[in-house]
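# Examining the three-dimensional arrangement
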Amino acid sequence: MRLRTLLLAATSALAPALARAAEVPATAPIHKAVDTFVDAEIAEKGARPADRADDAALIRRLTLDLVGRIPTTGELDAYVKSTDPDKRAKLVDRLMASPAYARHQAALFEVMFNPEGTSRGGGGAFREYLAASLKENKPWDQMFREIMLPNEADAKLKGAAEFLRGRVSDADKLTNDVSVTFFGVNVSCAQCHNHPHVEDWTQDHFYGMKAFLARTFDNGGFLGERGYGVIKYKPTKGPERTAKMMFLTGATVEDPNAKEPSAAEQKAEKDALDKAKAAKAAPPAPKFSARAKLVDTALKAESAEFFSRSIVNRMWHRFFGTGLVSPLDQMHSENAPSHPALLKWLAKDTTANGYDLRRLVRGIVMSEAYSRSSKYDSEDRPNSKLFAVGKLKPMTPMQLAASLRIATADPATFDNLKPDELEKKIEQLEASARGFAALIAQPTDNFQIGVGEALLFSNGDRVQKELLTDGPGTALGRVKAIKEPKEAIGFLVRTAYGRAATDAELKALTAFVEKRAGREADAYKQVLWALLSGPEFRFSY
Amino acid sequence: MPRSTFCRSADHALDRRAFLGAGAGAALAANMTALNALAAPDVNGALKKAQKRVILLWLAGGASQLETWDPKPGASTGGPFRSIQTDVPGLRISELMPKMATRIGKTTAVIRGLNTKNGDHGSGAKVMMRGRRDESGLRYPDLGAVVAREMARADSKVPDYVTFYTQTEGRSFAPGDSGFLGARFAPMELTTNNYPEFIKKLDGITDLDHQERGELRELVGKTFEKGRSSETMNSHNEAYQRVRGIMASEKLFDVTQEPEKVRARYGKTQFAEQALIARRLVEAGVPFVRVARAWWDSHGQNFETHQEMVPELDHVMATLLDDLGERGLLDDVMVVTLAEFGRTPGINASLGRDHFASAWSCTISGAGVKRGAVYGKSDALGNKVVAEEMDAGSLFATIYTALGLDPNKNYHVGSRPIPLVNPGIEPVKALVK
């Protein structure tokens, strides 16, 4: 509650820029709202934002973020050359309309649901569900419903059940994962004791959430839910307690019939479950579904803030590399957002517009804040929480693997393809890149790249065979036909980085090649390696 | 004011000052989190303790305490083997370990009161590699990763954490895992032979090309790095800077580099050769090496299994300790024998012993451990601990303390402080020098 007092105190003495931000109308376009709030904070702190990223950097960033790969040099050149004042909006709309958008976003959502990999359910069916849902731009609240209350009889929705299924054997894990994924709240600390640092989270919160979820079980591969069952726990002080179903806001749900069944009822229940098992169908739903109550409570206007703020924060994090609240699972009163009013505005806007994720994404990537350069030519670098400078984002395994495929292909193989042919070709490249992607670590916050990756790039035969080949259709194959080393170097730098080589690069790289007269093909391989293993390739910038 | 959510401990401030004082670049100073402190080479020198190293002999599948450190000859649960007197008064161990019986007093502490409450291979191995159960939403680093994190030099030319697990049985139960410490401290896993993956240069490239392309990479990267700041980018560059050094450490993995006399002393079994490689690695500064020996899971024919495997363990462990001692390394290198659990005192119908986590044993040798200490007592049949019980947490607190680490030292995951062992857990002082 101290936070609220603080905020109240803050609003009474607003600086002019902040005051303007406070007046952003609910009907403002998202990108305008983002910029008003972010710029106000930058001005308030007296910081100087970075310049806007140039067109080449911007199309690379947008293509990586929206469809999970670098642009081809053809796409890049066309964008840079275009004088259409609307070219950015058109690019965003084209990328978001492509099947690759749903594919890439689904992969990101999959990691969000299963950050530890697919061992907890997921994999094929869940990924397909996510991809199909994102393709039709299913509202986020609907996805929440479908994942939490899966309809396993519907072939199209069945995959949604995997999230729960991978966790039903461990109700504590299920409780925490649901809280983290949908509400940005990690209640696991409160499992054993009231949270030492966060007044918001007590054992009642953990067990209150668990009470909604602990009745869920697996019945022969289908999810079932009991209509009874209580959660008891031993608090750090005092006698054992029975947990009420309680949402994170403190809102409780009564279950008037929460009593253990009689022997006869138990027998009837067992028969029904056996019957469902034999019929390979979901067991009958209980009259009172605790899980359905959780979904309803979470989406009720007075408590939906957790749900809407968390998805906004996660989408912001996806495109800016840092959340408005960081870390993503610590959205509580002791960990204030960098831009409280912006988060609130975006959460409200998202709820008011039917949890339309595409709309939110488009708004974010159309903002000036999103388009700032990651380069800042002064020692006086603004605090990263101001979003005054673009953040370097390490590529995901698939972004990296797919981009390597594109950068090592002869750019001419992408030229003159019709849009749907290009889509198809890229999809094939992505498929062929999966094996390599599996060798790369999934980035997290504070991600560190290990020596394992550097050794793989340095000595892995896959790199040699799959990336540094000079067969037909490859960039290195094309280089063989170029006589002049300078020209060949320029070509490779363009293909890998989408820009002209600097003079220093031309000099050093050409010298490297010339020193290897008579075995130029080898030399160009190593030049390409030096480009692809460098930070300019590894990061979205 | 809302409470600060970031690490502001005095310790950290000190490191930060030391680091800034060392004249490092401004790029690193901004937004430095606890986890990133080690990434800065100049901090590392200030943080580094007298470097201790650990060799973990992982007895995968669960070795029997009754046929090793806690025999019960004559009891209904005792089995056919006798016990023998050791060089520690009052301590008798299985007759299958005659070599260790003459060395405990000078090298080793024996722990006989482990009650770790987990008799499942997978989750038991997780607990015994981490000292605690993973929490939902939080993946703890294992012992190897913590030791690597605490003892490795940022610019180290050797790997930080190496694990040998060549046999297939049980390997998937006990992978090395750096948890929230991330890829920097992830293990180099050797599963197919004694050479790490990707440590050798491919034949298709000359050594000079390999080196010079690395220099090109740095040169091209410099253009990009100018005006950009990112801890992840720093870790990327550090990883590449370590490649040539680690490749040069390839020979450490080559057991044939050892004189024939030394190889003969260890023996030519796979376990013995890997223990010898482990010695080569720690000697060269690798902070943590695990050598897994599988498969002790003797649900049937427990006694044949142990009659075959315990003497090998006895020989390898004794030779390793002798070798470390002769090289003056035993005060800096700790050798631990540990498994996911022990085995039931009760002997089943197949003359086997089953999984048992209620009263089992392990050992810690070298480093800051009190040599010849015996801690923990099981009852006459070996069914339960009757004195000086330890769980995984207190074992880890003891290990950390004997390595000179404060078990209450915090890491920070986001804003949350995570001590090396769960809060309230104490090391066993009787086991530490």
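Since the structure is predicted, the reported quantities are computational estimates derived from the model, not experimental observations.

## Quick notes on the overall build of chain A
Secondary structure assignment for chain A yields 26 helices and 8 strands. By the compact-globule yardstick of 24 Å for 541 residues, chain A fits well, its C-alpha radius of gyration being 26 Å. Considering only C-alpha atoms, chain A reaches an extent of 90 × 65 × 40 Å along its principal axes. By the burial criterion, 47% of the 541 residues in chain A qualify as buried. Long-range contacts, defined as pairs at least 24 residues apart, comprise 68% of the intrachain contacts of chain A with a sequence gap of at least 6.

## Notes on the overall build of chain B
In terms of regular secondary structure, chain B is built from 13 helices and 16 strands. Per-residue burial for chain B yields a buried fraction of 53% across its 433 residues. When contacts within chain B are restricted to residue pairs at least 6 apart in sequence, long-range pairs at least 24 apart make up 74% of them.

## Let's talk about unusual backbone geometry
In this chain, serine 326 of chain A is followed by proline 327 of chain A through a cis amide linkage whose omega measures -5°. Looking at where proline 327 of chain A falls in the secondary structure, it is placed in the loop between α15 (305-320) and α16 (340-352). The amide bond that connects alanine 294 of chain B to the next residue, tryptophan 295 of chain B, takes the cis arrangement and shows omega of 15°. Assignment of secondary structure puts tryptophan 295 of chain B in the loop between β7 (288-294) and α12 (302-326). At glutamine 301 of chain B, a position not held by glycine, the phi torsion is positive, near 50°. Mapped onto the elements of the fold, glutamine 301 of chain B is located in the loop between β7 and α12. For glutamine 301 of chain B, a count of 13 C-beta atoms within 10 Å gives the class partly exposed. A positive phi angle is found at glutamate 388 of chain B, which is not glycine, with a value near 55°.

## A few points about the interface of chain B and chain A
Interface size is commonly expressed as the accessible surface area that is lost when the partners come together. Each partner contributes residues to the interface: chain B has 52 residues there, and chain A has 61 residues. Its residues placed into classes, the side of chain B that touches chain A shows 19 nonpolar, 19 polar and 14 charged.

## Concerning the domain arrangement of chain A
All names here are of chain A. You can read the domains of chain A as domain 1 (2-52 + 304-391), domain 2 (100-158), domain 3 (167-299) and domain 4 (394-540). Listed as interface residues are 8 residues of domain 1 and, on the opposing side, 6 residues of domain 2. Every element with two or more residues in the side of domain 1 that touches domain 2 is listed here: α15 and α17 (357-365). Among the residues forming the side of domain 1 that touches domain 2, the class breakdown is 3 nonpolar, 1 polar and 4 charged.

## Describing the pairing of β7 of chain B
All names here are of chain B. Extensive coverage of β7 is indicated by the burial of 7 of its 7 residues. Of the two faces of β7, the one holding Phe288, Arg290, Ala292 and Ala294 and the one holding Val289, Val291 and Arg293 are both buried throughout. The pairing of strand β1 (residues 53-60) with β7 spans 7 bridges and is classified as parallel. Following the sheet pairing, alanine 60 is matched in β7 by alanine 294.

## What to know about the environment of threonine 202 of chain A
Residues and elements named next belong to chain A. Here threonine 202 lies in the loop between α11 (171-183) and α12 (203-213). Residue classification places threonine 202 among the partly exposed positions, given that 18 C-beta atoms sit within 10 Å. With 15 residues separating them in the primary sequence, threonine 202 and valine 187 have C-alpha atoms 8.4 Å apart.

## Let's talk about the nonpolar core
Counting 259 residues, the largest nonpolar core has Leu492, Val527, Leu528 and Leu531 of chain A as its most contacted members. Broken down by element, this core gets its largest block of residues, 9 residues, from α12 of chain B. Ignoring any residue separated from it by four or fewer positions in sequence, one finds valine 527 of chain A in contact with Ile489, Leu492, Leu509, Phe512 and Val513 of chain A together with Leu216 of chain B.

## A closer look at the sheet that holds strand β4 (residues 108-114) of chain B
Residues and elements named next belong to chain B. Sheet architecture is open: 8 strands sit in the order β6-β5-β7-β1-β8-β11-β4-β12, paired in mixed fashion. Every interior strand has two partners, whereas the edge strands, β6 (188-190) and β12 (374-375), have only one. Note that β4 and β12 share 2 bridges and pair parallel. Directly across from isoleucine 111, in β12, lies its bridge partner tyrosine 375. Contacting β1, β8 (333-338) and β11 (360-366), α12 crosses the sheet at an angle of about 170° to β8.

## Considering the domain arrangement of chain B
Residue and element names in this part refer to chain B. In terms of domains, chain B is made up of domain 1 (1-47), domain 2 (53-194 + 254-431) and domain 3 (199-251). Of note, the centres of domain 2 and domain 3, computed from C-alpha atoms alone, are 36 Å apart. Its residues assigned to classes, the side of domain 2 that touches domain 3 comprises 4 nonpolar, 2 polar and 3 charged.

## Overview of the packing of helix α23 (residues 485-497) of chain A against helix α25 (residues 520-532) of chain A
Packed helix pairs are specified by the crossing angle of their axes together with the interaxial distance, meaning the distance between the axes. All names here are of chain A. Two elements in contact, α23 and α25, have axes whose closest approach is 10 Å; the angle formed by their N-to-C orientations is 30°. α23 and α25 meet at a crossing whose hand is right-handed. Along the contact surface, α23 presents Ala488, Ile489, Leu492, Val493, Ala496 and Tyr497, while α25 presents Tyr524, Val527, Leu528, Leu531 and Leu532. Classifying every residue of the contact of α23 with α25 gives 11 nonpolar, no polar and no charged.

## Description of α12 of chain A
Residue and element names in this part refer to chain A. α12 sits mainly inside the fold: 10 of its 11 residues count as buried. Turning to α12, its buried residues number three or more, namely Gln203, His205, Phe206, Tyr207, Gly208, Met209, Lys210, Ala211, Phe212 and Leu213. Contacts from the buried residues of α12 go to α11, β1 (216-219), β3 (231-233), β4 (241-243), β5 (245-246) and α14 (290-299).

## A closer look at helix α7 (residues 143-151) of chain B
Residue and element names in this part refer to chain B. Most of α7 sits out of view: 9 of its 9 residues are buried. Along α7, the residues that are buried comprise Leu143, Gly144, Ala145, Val146, Val147, Ala148, Arg149, Glu150 and Met151. On its buried face, α7 is in contact with β1, α6 (121-130), β5 (161-164), β7 and α13 (392-402).

## Some words on the environment of phenylalanine 253 of chain B
Residues and elements named next belong to chain B. Take phenylalanine 253: it is sitting in the loop between α9 (231-248) and α10 (260-266). The buried category is assigned to phenylalanine 253, around which 22 C-beta atoms lie within 10 Å. Spatially, the C-alpha atom of phenylalanine 253 lies 30 Å from that of glutamine 307, the residues being 54 residues apart in sequence. Apart from residues no more than four positions distant in its own chain, phenylalanine 253 is found in contact with Asn194, Tyr195, Pro196 and Ile277.

## Observations concerning the pairing of β1 of chain B
Residues and elements named next belong to chain B. Burial analysis of β1 places 8 of its 8 residues in the buried class, the great majority of the element. Neither face of β1 is open: one carries Arg53, Ile55, Leu57 and Leu59, the other Val54, Leu56, Trp58 and Ala60, and all of them are buried. One ladder, built from 6 bridges, connects β1 with β8; its direction is parallel. The partner of leucine 57 across the bridge, within β8, is threonine 337.

## A word on the confidence of the model for chain A
Summing up the model confidence of chain A, the mean pLDDT is 91 and the portion of residues at 70 or higher is 94%. Counting contacts from residues 1-12 of chain A, a segment whose pLDDT is below 50, to residues more than four positions away or on other chains yields 6 contacts.

## Some points on the confidence of the model for chain B
In regions of low pLDDT, the predicted coordinates are not meant to be interpreted in detail. Residue and element names in this part refer to chain B. Across chain B, the average pLDDT comes to 87, with 88% of residues at or above 70. Within the model, the stretch residues 1-49 combines pLDDT values under 50 with 63 contacts to residues more than four positions away or in other chains. This complex was scored by the predictor with a pTM of 0.81 and an ipTM of 0.91.

## As for the environment of leucine 281 of chain B
Residues and elements named next belong to chain B. With respect to the element layout, leucine 281 can be found in helix α11 (residues 270-283). Along the primary structure leucine 281 and proline 159 are separated by 122 residues, whereas in three dimensions their C-alpha atoms are 8.7 Å apart. Excluding residues that lie within four positions of it along the chain, leucine 281 makes contacts with Val158, Val162, Leu252, Val286 and Val289.

## Points about the packing of helix α18 (residues 397-408) of chain A against helix α19 (residues 419-437) of chain A
Residue and element names in this part refer to chain A. It is at 8 Å that the axes of α18 and α19 come closest, and there the two elements cross at 120°. In terms of their interaxial angle, α18 and α19 are classed as oblique. For α18 against α19, the interelement crossing comes out right-handed. The segment α18 lies against α19, with Pro397, Met398, Ala401, Ala402, Arg405 and Ile406 engaging Leu429, Glu430, Ser432, Ala433, Phe436 and Ala437. Here the contact of α18 with α19 is built from residues that sort into 9 nonpolar, 1 polar and 2 charged.

How each quantity is defined
Residues numbered from 1 in each chain as written. Chains lettered and ligands numbered in written order. Predicted model: local features only at pLDDT ≥ 70, side-chain atom pairs only at ≥ 80, totals over all residues. Helix = DSSP H or I, 4+ residues; strand = E, 2+ residues; numbered from the N terminus. Rg over C-alpha atoms; globule rule 2.2 N^0.38 Å. Buried ≥ 20, exposed ≤ 12 C-beta atoms within 10 Å, placed from the backbone. Contact = placed C-beta atoms within 7 Å. Nonpolar A, V, L, I, M, F, W, Y, C, P; charged D, E, K, R; others polar. Domains from an automatic or database assignment. Pairing = 2+ DSSP bridges. Core = buried A, V, L, I, M, F, W, Y, C linked by C-beta atoms within 7 Å. Axes fitted to C-alpha atoms, helices over the stretch in contact; angles between N-to-C directions. Left-handed = near helix turned anticlockwise from the far one by under 90°. pLDDT = per-residue confidence, 0-100. Parallel < 35°, antiparallel > 145°, perpendicular 65-115°, else oblique.

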